[in-house]
Amino acid sequence: MQYNSTRNSDISISSAEAIKKGLADDGGLFVPKSFPEITISQIQKLADMSYRERAFEILSLFLTDFTKEELTDCINKAYTKEKFETDNIAPVYKLDDTSYILELWHGPTCAFKDMALQILPHLLTTSMKKTKENGEVVILVATSGDTGKAALEGFADVDGTRIIVFYPDNSVSEIQKLQMITQTGDNVCVSAVSGNFDDAQNGVKKIFTDEGYKNLLSGNNFKLSSANSINWGRLVPQIVYYFSAYCDMLAGDEIELGEKVNIVVPTGNFGNILAAYYAYKMGLPVNKFICASNKNSILTDFIKTGTYDRNRDFYTTISPSMDILISSNLERLLYDLSEGDVSCVKKWMRELSENGRYTVTEDVKNKISDLFYADFADDEETLAEIKDCYEKYGYVPDTHSAVALSVYKKYLSDKNDKSKTIIASTASPFKFNQSVLIALRGCAFVAGKDEFTLLEELNKISGMDIPKSLAELKTKIKIFDTVCDKDGMVQVVSDFLQIG
Ligand SMILES: *Cc1c(COP(=O)(O)O)cnc(C)c1O
């Protein structure tokens, strides 16, 4: 399997090279030149397998340059019972006869990014070896909250790697911030950026496209790479859990073989939902993708109108990991739906960076609306959904998952579609305990209580165990207190690497 850029289809590189590079030199994203197929009878076979075995079957179709031993080793290091506190890795919880919650937050940081970031460091170091690269890999991450900690957990003390994480000063939760600034490991660096997520992400993108700085790095034997969801090594492991959820439902007699399901995804950077779309392209029987946004509803508008327009207010919401105005992975969908028309993709991305907006062709717009439904839930609706779900089912979703549930309700009242539906649940409610408790008990209840008291209160109400990694934050030492502005990010990198 070879890969090219969404902005240049003449490139042809292996998966190891695509994973090592992260982003193509032309600014495009790496995509497979063709998609492997999974037949219905293969899906039936997957249903009898463990998560790790399913991961092997699917990943081996894309990472064809990895040996069986290499891939097995990566998978076995990533998806362990110790790290995920369950053998299922991504268990499905049945809410009612049509709604099935795919819990993607059993990993060490209690959010779905672990699903990819536990395996990425191993895919990356293996890719480095395979491509005979002996420099040290430097991971730069811009995070809206969850990616940062998940990347730090994945890369901490992995030989041959360094990791630097930038988070927006004013829009991550207290718990998310604590998780990051207490990170241990000899190869890690964490810094706040004054601004929002897009400021942090643009700063990182700038460093990636600065040829002079790249030369300085390579002169010091450092090789830049990205752990953001634009890296192919981030995206490809996410395809696995959609097959896995379908297989679990099949094995539990909840669906018939070949039955089409809907998939609801609380969406920010468009990585998670794109992985679901890729699963569909490979043969997973899907009826509709339901793209759920918070008040930053740029994707809702795009899917409804065909115009992507970032000239709008940015909102800080109670689902901060979805507070995004540029959904980078959308570029891969546009590439796919325009049948690999790189000149179109390039034009749209140029318009986006120059004018902040672009409009896709009628053909692409129609393909999107055939397959995707989109809507958003504001904070008020999100809080109401948490309460409603708890009262109806005794199940407590986090704020991001509640956005998905709320939008799914809108879809149902709009479309009267009885298809069984997988709802991606992207974080543990403990991670966003404050908002969750406000939803369940009101503002007065949380006022004056610290994070750790809130964890205990949520434990009492939900009957769920407090994740160990969150409970132990209480006694961890705060290590990082740097704050820079977006133009100071390069200096943070240089200082940490002791260059320039
Ligand atoms: C990152 C994240 C999302 C958004 O996922 P994308 O792949 O960026 O669309 C949703 N929920 C949580 C909890 C996240 O951490």
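Note that this is a predicted model, so its numbers are computed, not measured. (Residues numbered from 1 in each chain as written. Predicted model: local features only at pLDDT ≥ 70, side-chain atom pairs only at ≥ 80, totals over all residues. Heavy atoms only, no water.)

*Asks:* How should the nonpolar core be read in this particular structure?
*Replies:* The tendency in soluble globular proteins is for nonpolar side chains to be buried side by side. Ranked by internal contacts, the top residues of the largest apolar core, which has 114 residues, are Leu63, Ile239, Tyr242, Phe243, Ile263, Tyr358 and Phe372. Broken down by element, this core gets its largest block of residues, 13 residues, from helix H12 (residues 232-251). Residues in contact with Tyr242, not counting those within four places in the same chain, are Leu102, Ile263, Val265, Asn272, Ala275, Ala276, Ala279, Leu284 and Ala424. (Core = buried A, V, L, I, M, F, W, Y, C linked by side-chain atoms within 4.5 Å. Buried < 20%, exposed > 50% of the residue type's maximum accessible area, 1.4 Å probe, protein only. Helix = DSSP H or I, 4+ residues; strand = E, 2+ residues; numbered from the N terminus. Contact = heavy atoms within 4.5 Å.)

*Asks:* For this particular structure, what's the right way to read the pairing of strand E7 (residues 161-168)?
*Replies:* Residues in a regular strand project their side chains so that they alternate between the two faces of the sheet. Burial of E7 is extensive: eight of the eight residues sit out of reach of the surface. Sheet analysis places strand E6 (residues 136-142) next to E7, joined by six bridges and oriented parallel. When the bridges of E7 are listed, Val141 appears paired with Val165. At this point the chain moves from E6, through helix H8 (residues 146-155), to the parallel E7, and the crossover so formed is right-handed. Here E7 runs beside strand E8 (residues 188-193); their pairing, made up of six bridges, is parallel. (Pairing = 2+ DSSP bridges. Right-handed = clockwise from strand over helix to strand, strands pointing away.)

*Asks:* What exactly am I supposed to notice about the environment of Tyr3 here?
*Replies:* Assignment of secondary structure puts Tyr3 in strand E1 (residues 3-5). Judged by its relative accessible area of 0%, Tyr3 is buried. A C-alpha to C-alpha distance of 8.4 Å links Tyr3 and Ser34, two positions 31 residues apart in sequence. Non-local contacts of Tyr3, meaning those with residues more than four positions away in its chain, are made with Ile11, Ser12, Ile13, Ser14, Ser15, Ala18, Val31, Pro32, Lys33, Phe62, Leu63 and Trp232. A distance of 2.7 Å separates a polar side-chain atom of Tyr3 from the backbone oxygen of Phe62. (Polar contact = N/O pair within 3.5 Å; in protein donor to acceptor, adjacent residues only side chain to side chain.)

*Asks:* Would you explain the sheet that holds strand E3 (residues 30-32) in this entry?
*Replies:* Within a sheet, neighbouring strands are paired by backbone hydrogen bonds and run either parallel or antiparallel to one another. Strands sit in the order E2-E1-E3 across an open sheet of three strands; the sheet is antiparallel. Bordering the open sheet on either side are strand E2 (8-13) and E3, each of which pairs with just one other strand. In this sheet, adjacent strand axes meet at a mean angle of 40° when their direction is disregarded. Pairing analysis gives two bridges linking E1 to E2, with the strands arranged antiparallel. Directly across from Ser5, in E2, lies its bridge partner Asn8. (Axes fitted to C-alpha atoms, helices over the stretch in contact; angles between N-to-C directions.)

*Asks:* Explanation requested: the pattern of salt bridges in the structure shown.
*Replies:* As a working rule, side chains carrying opposite charge can pair if their charged atoms are close by. Applying the stated criterion to the full structure yields 24 salt bridges. One salt bridge connects Lys149 with Glu153, and the closest N-O pair in it is separated by 3.4 Å. Remark: Glu153 and Lys149 occur in helix H8; sequence separation between them is four residues, near one turn of the helix. Among the residues examined, Glu153 registers a relative accessible area of 29% and is labelled partly exposed. Between Lys367 and Glu339 there is a salt bridge; the shortest N-O distance is 3.0 Å. (Salt bridge = Lys/Arg side-chain N within 4 Å of Asp/Glu carboxyl O.)

*Asks:* What's the story with the packing of helix H3 (residues 51-62) against helix H4 (residues 68-78) in this structure? I'm lost.
*Replies:* What describes two packed helices is the angle between their axes and the distance between those same axes. Relative orientation of the contacting elements H3 and H4 amounts to 135°, with a least axis distance of 10 Å. Relative to H4, the element H3 lies oblique. At the point where H3 passes H4, the crossing takes the right-handed sense. For the pair H3 and H4, the contacting residues are Arg52, Ala55, Phe56, Leu59 and Ser60 in the first and Lys68, Leu71, Thr72, Ile75 and Asn76 in the second. (Parallel < 35°, antiparallel > 145°, perpendicular 65-115°, else oblique. Left-handed = near helix turned anticlockwise from the far one by under 90°.)

*Asks:* Looking at this structure, I do not really get the pairing of strand E9 (residues 222-226). What am I missing?
*Replies:* Among the five residues of E9, four are classified as buried, and the element is accordingly described as predominantly covered. As judged from the five bridges shared by E6 and E9, these two strands associate in the parallel manner. Opposite Leu140, over in E9, you have Ser226 as the bridge partner.

*Asks:* How should the site of the ligand be read in this particular structure?
*Replies:* Every one of the 15 residues lining the ligand counts as a neighbour, but Lys113, Asp146, Gly268, Asn269 and Thr426 are closest to it. Measuring from an oxygen atom of the ligand, one finds a backbone N or O atom of Gly271 at 3.2 Å. Interatomic distance of 2.8 Å between a backbone N/O atom of Asn272 and an oxygen atom of the ligand. When the ligand is considered free in solution it has 380 Å² of accessible area, and contact with the protein chains removes 98% of it. (Near = heavy atom within 4 Å. Areas by Shrake-Rupley, 256 points an atom, 1.4 Å probe, with all protein chains shown as cover.)

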